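Spelled out, the chains give:
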Amino acid sequence: MNKKLYMVSLGCSKNLVDSEVMLGLLEKDGYSVTDGPEDADLLLVNTCGFIGSAVKEAIDEILELARYKEKDPHKKLIVTGCLVQRYGSELEKELPEVDLFIGTNGFHDIVGRIHGESPPLPSAHSLEQSPFLMDSSLPRKVSTPSHRAYMKITEGCINRCSYCLIPSIRGKLRSRSIPDLMTEARRLEADGVKELTLVAQDLLAYGLDLGKQTNLIGLLQQLLAETAIPWVRLLYLHPARVHKELLLLMAENPRLVPYLDIPFQHVSDHILQLMNRPYTKKQIIQLMNTVRSTMPDAALRTTMMVGFPGETEDDVAELADFLQKHHFEHLGVFAYANEEECAAASFPGQISEAVKEERLRMIMELQAEISFAGLQKHVGKVEQVLVEGLSRESDLLLEGRTRHQAPEIDGCVYITGGTAEPGALVNVTITEAHTYDLVGEVKE
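Keep in mind the model is a prediction, meaning the values are calculated, not measured.

Focus on the packing of helix 11 (residues 313-325) against helix 12 (residues 353-376)
Two elements in contact, helix 11 and helix 12, have axes whose closest approach is 10 Å; the angle formed by their N-to-C orientations is 10°. In terms of axis orientation, helix 11 runs roughly parallel to helix 12. Mapping the contact onto sequence places Glu313, Val316, Leu319, Ala320, Leu323 and Gln324 in helix 11 and Arg359, Met362, Ile363, Leu366 and Ile370 in helix 12. Residue composition of the contact of helix 11 with helix 12, grouped by class: eight nonpolar, one polar and two charged.

So, in structure tokens, the structure goes:
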């Protein structure tokens, strides 16, 4: 049978890897992907349920696809992922139009569940037996452009931040073995991947559950020795675990792109303590100085949160002053979202949404100036660029990224002169810089 599948994957890159495993499993079962829900036999939403806005987005998407099922009751509607893990039994009551709910520990059994071959669970909220950890034996259909892919090296989280639900949704830390990850990396290289992005809730926690012999340094050394993938990118490095050994390895090996995503969340000591982040502002400054001296050409990305319970105007001023003194090439800023199951939800000093939004706007305006000034330094330089293909802005332009720009989250390079195929690594002379993006021409 030529069965058709329409899939929506919400949330982070780690969730996208889960979606790609489900795509691989369903393709093996005879499904092919279609661009429109109206043509599909199976409608699938892999959800995020981390914060309220993600929950709303997921519910809206489910209800939108339920309209297609209403017109054609033969269609199956399946909802998977973090939203199910968080709200399983409630969803079953509220969304009777959904045929099947599968949490984060059961998606690998999606085919068996569709065909009724796996025993039904008492409810979606039963967290599907034991915590699941993917491995390289599972089929996976990479949905990103063929020249780049994510590789998820752990599941779950060992940290206990007071604002975060990830440990309760995704469970305790589980690390994949280095041999298993190398099998997947070699397969991705054979498929033409030029940029391999390692993702985890906390990359530097990798191996802490497997003993001293397994750690991120060892994995990176094997990736360098046993593959020739030109760019290896690291996403999400916990500030308390970034050590000189990693920075030296990155400085000595240009294939480990000079890009560090270190989410500090704040710089006020009393807010960091309330967040249950195990470091101080002094330690943040020491780490940044070490990074800048060891890897002077590295791009630093961080995330900061404003509006956390108890945050004062002085705390926000301290954050703004820090950002002006210690420039980040990339900054994500979020307004604190109150989630009922988190410890921070019961903290005194809750802050109004209007004040949160004002603080968010102020910090983002400040960062726009910092980003614009920082990108001007690239004008006139030649940068290696990974070409993504035609620009999203205009078919007359190509678009790519330097080693300092991560896919999906950072700016890009608009290429106004010269030609190159998607997936090509080319030298580009930078001719202009905007607030978040660069413009350049392929160097002949």
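Continuing now.
Description of the confidence of the model for the protein
For the protein, per-residue confidence averages 93 on the pLDDT scale, and 97% of positions sit at 70 or higher. pLDDT under 50 marks residues 124-128. Its contacts with residues more than four places away, or in other chains, come to 20 contacts.

Considerations on the pattern of salt bridges
By the definition in use, this model includes 33 salt bridges. Put simply, Asp60 and Lys56 hold a salt bridge, and the shortest N to O gap is 2.9 Å. Separated by four residues within a single helix, Asp60 and Lys56 lie in helix 2 (residues 52-71), roughly one turn from each other. The salt bridge involving Arg401 is made with Glu195; its shortest N-O contact spans 2.4 Å. One end of the pair, Arg401, is in strand 15 (residues 398-402); the other, Glu195, is in strand 9 (residues 195-199), and 206 residues separate them in sequence. Among the charged side chains, a network of salt bridges with common partners joins Arg148, Glu195, Arg233, Glu388, Arg401 and Glu408.

A closer look at the side chain of Ser371
Take Ser371: it is sitting in helix 12. Separated by 2.5 Å, the side chain of Ser371 and the backbone oxygen of Thr435 make a polar contact. Excluding residues within four positions of it along the chain, Ser371 makes contact with Glu329, Thr435 and Tyr436.

With respect to helix 7 (residues 216-226)
Quick reminder: α-helices carry 3.6 residues per turn. Residues three or four places apart thus point the same way. Within helix 7, the full set of buried residues consists of Leu216, Ile217, Gly218, Leu219, Leu220, Leu223 and Leu224. Those residues of helix 7 that are buried lie in contact with helix 6 (178-190), strand 9, strand 10 (231-234) and helix 8 (244-252).

Observations regarding the sheet that holds strand 1 (residues 3-9)
Taken together, five strands build an open sheet; the order of strands is 2-1-3-4-5 and the sheet is parallel. Of all strands in the sheet, those bounded by a partner on one side alone are strand 2 (31-33) and strand 5 (100-102). Neighbouring strand axes in the sheet, compared pairwise and without regard to direction, differ in orientation by 25° on average. Judged from the three bridges that link them, strand 4 (residues 76-81) and strand 5 form a sheet pairing that is parallel. Residue pairing for strand 5: Ile78 is matched across the bridge by Leu100. Contacts from helix 3 (residues 82-94) reach strand 3 (42-47), strand 4 and strand 5, with the element oriented near 130° to strand 4.

So, how was this worked out
- Residues numbered from 1 in each chain as written.
- Predicted model: local features only at pLDDT ≥ 70, side-chain atom pairs only at ≥ 80, totals over all residues.
- Heavy atoms only, no water.
- Axes fitted to C-alpha atoms, helices over the stretch in contact; angles between N-to-C directions.
- Helix = DSSP H or I, 4+ residues; strand = E, 2+ residues; numbered from the N terminus.
- Parallel < 35°, antiparallel > 145°, perpendicular 65-115°, else oblique.
- Contact = heavy atoms within 4.5 Å.
- Nonpolar A, V, L, I, M, F, W, Y, C, P; charged D, E, K, R; others polar.
- pLDDT = per-residue confidence, 0-100.
- Salt bridge = Lys/Arg side-chain N within 4 Å of Asp/Glu carboxyl O.
- Polar contact = N/O pair within 3.5 Å; in protein donor to acceptor, adjacent residues only side chain to side chain.
- Buried < 20%, exposed > 50% of the residue type's maximum accessible area, 1.4 Å probe, protein only.
- Pairing = 2+ DSSP bridges.

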